[in-house]
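# Per-entry structural report
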Amino acid sequence: MVIRNAPQHGGPPRTPRWVVALAVVAGLLLLLLLAGALLGVDHGPGLHS
Amino acid sequence: MTAPPVVRKATLTLHVTSSVGWLGAVVVAVALSAVVAGSSDAQLVRAGYLVLDRIGWWVLVPLAVASLVSGVLQSLLTPWGLVRHWWVVVKLVLTVLATGVLLLYTGTLGRLAATARIADGSAVPLSSSPLVHSLGALVVLLGAVVLSVHKPRGLTRYGWRMQQAGRAPRA
């Protein structure tokens with residue numbers, strides 16, 4: 001039986017998959033916002049001031 | 001540090017109340033923004049912008065700050081800790097992000113309300129921005145609710161070290 005996020009040889013547990021997946025989604029959203037800013041799409045904190 | 005049960009229950013009550021209130025206020029903002037974005041009635045749009053501005057400062061911001069502060073207190077006063085479990089860390093990041101964007105966005109709501117005040121009967125510019133931002137907030141807050149209810153397993157390195165230290169035999 002495979003235990004998810006089990007410690008590796010007594011070491012600390014791995015980062016859970018759902019956290020990695022959320023981090024990837026957050027990174028993609030950030031890239032999208034950065035790409036939008038570079039392409040001149042009007043959005044971001046600059047517009048909120 | 002673990003607080004007495006009466007303190008933990010008080011902070012939990014404050015956290016649940018403020019978080020549920022924040023979510024409900026965001027749903028109201030979504031509905032109001034949808035009405036504003038899809039309306040051709042200038043008076044309705046003006047009223048919508050003015051109400052959204054008031055909801056932002058008088059309801060959304062206080063509830064968001066109360067939810068964030070009570071959540072941090074709740075984690076510090078219970079064995080969950082602030083950075084021991086991944087679900088707590090992710091929920092904290094989501095709440096800080098949502099509160100930060102909300103605080104920034106109050107500026108936009110203020111500008112839309114100022115435009116609506118000046119327009120006085122004439123047409124005001126339509127904007128889908130409040131709808132997009134309130135829908136984004138709704139998704140983020142629903143994510144936080146899912147994390148709170150399911151509490152997915154997963155210790156951080158710090159949480160694991162604390163757990164190991166707690167298990168170590170004492171001399």
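Look up a bit, the structure's there.
Residues numbered from 1 in each chain as written. Chains lettered and ligands numbered in written order. Predicted model: local features only at pLDDT ≥ 70, side-chain atom pairs only at ≥ 80, totals over all residues. Heavy atoms only, no water.

## Overview of the environment of Ala29 of chain B
All names here are of chain B. Note that Ala29 resides in helix H1 (residues 5–37). In the structure, Ala29 is positioned 122 residues away from Lys151 in sequence and 28 Å away in space, judged by C-alpha atoms. Each residue touching Ala29, except ones within four places of it in the same chain, is listed here: Leu52 and Ser134. (Helix = DSSP H or I, 4+ residues; strand = E, 2+ residues; numbered from the N terminus. Contact = heavy atoms within 4.5 Å.)

## Some details on the pattern of salt bridges
All names here are of chain B. One pass over the full model with this rule turns up one salt bridge over all chains. Close ionic contact of Arg117 with Asp53 constitutes a salt bridge, the shortest N to O distance being 3.9 Å. Taken together, the residues span a long stretch of sequence, with Arg117 in helix H3 (residues 86–119) and Asp53 in helix H2 (residues 42–76) at a distance of 64 residues. (Salt bridge = Lys/Arg side-chain N within 4 Å of Asp/Glu carboxyl O.)

## Describing the environment of Lys9 of chain B
Take Lys9 of chain B: it is sitting in helix H1. When the C-alpha positions of Lys9 of chain B and Gln74 of chain B are compared, they lie 8.9 Å apart, and in sequence the two are 65 residues distant.

## Re the nonpolar core
Residue and element names in this part refer to chain B. Counting residues in each nonpolar core, the largest one holds 13 residues, and the members touching the most others are Trp22, Val26, Leu60, Leu102, Leu138 and Leu141. Of all the elements in the fold, those that place two or more residues in this core are H1, H2, H3 and helix H4 (129–150). Here this core gets five residues from one element, more than from any other, and that element is H1. When residues no more than four places from it in sequence are discounted, the contact partners of Leu138 are Leu23, Val26, Val27 and Val30. Core analysis: the next-biggest nonpolar cluster, separate from the first, contains seven residues, Val36, Val45, Leu112 and Ala116 among them. (Core = buried A, V, L, I, M, F, W, Y, C linked by side-chain atoms within 4.5 Å. Buried < 20%, exposed > 50% of the residue type's maximum accessible area, 1.4 Å probe, protein only.)

## Quick look at the packing of H1 of chain B against H2 of chain B
Residues and elements named next belong to chain B. The geometry of H1 relative to H2 is characterised by a closest axis approach of 8 Å and an angle of 160 degrees between their N-to-C directions. Here H1 is positioned roughly antiparallel relative to H2, judged by the angle of their axes. Of the two possible hands of crossing, H1 and H2 adopt the one that is left-handed. When its residues are assigned to classes, the contact of H1 with H2 shows 22 nonpolar, 11 polar and one charged. (Axes fitted to C-alpha atoms, helices over the stretch in contact; angles between N-to-C directions. Parallel < 35°, antiparallel > 145°, perpendicular 65-115°, else oblique. Left-handed = near helix turned anticlockwise from the far one by under 90°. Nonpolar A, V, L, I, M, F, W, Y, C, P; charged D, E, K, R; others polar.)

## Quick notes on unusual backbone geometry
In the Ramachandran plot, Lys151 of chain B falls in the positive-phi region, its phi being about 45 degrees despite a non-glycine side chain. Among the structural elements, Lys151 of chain B can be located in the loop between H4 and helix H5 (157–167).

## What to know about a nonpolar patch on the surface
On the surface, Val20, Val24, Leu28, Leu30, Leu31 and Leu34 of chain A cluster together into a nonpolar patch covering about 570 Å² of accessible area. Mapped onto the elements, Val24 of chain A comes out in helix H1 (residues 17–38). (Patch = residues over 30% accessible without salt bridge, like charges linked within 9 Å, V, L, I, M, F, W, Y side chains within 5 Å. Areas by Shrake-Rupley, 256 points an atom, 1.4 Å probe, with all protein chains shown as cover.)

## Some details on the layout of surface pockets
A volume near 1,600 Å³ is recorded for the largest pocket. For the lining of the largest pocket, the secondary-structure elements that each account for two or more residues are H1 of chain A together with H1, H2, H3 and H4 of chain B. With 13 residues, the single largest contributor to the lining of the largest pocket is H1 of chain A. Its residues assigned to classes, the lining of the largest pocket shows 38 nonpolar, 10 polar and no charged. Of the voids in this model, the second largest pocket is the one considered here, and its volume is about 680 Å³. Along its surface, the second largest pocket is lined by 27 residues, and His15, Ser19, Trp87, Lys91 and Ser148 of chain B are the ones closest to its centre. Secondary structure elements with two or more residues in the lining of the second largest pocket: H1, H2, H3 and H4 of chain B. Element by element, the count of residues in the lining of the second largest pocket is highest for H1 of chain B, at seven residues. Residue classes in the lining of the second largest pocket are distributed as 16 nonpolar, nine polar and two charged. (1 Å grid on protein atoms, 1.4 Å probe; cavity = no way out; pocket = protein on both sides within 12 Å on 5 of 7 lines; lining within 4 Å. Points joined across faces, edges and corners; volume = space filled by probe spheres on them.)

Limitation: the analysis is restricted to geometry and does not speak to function.
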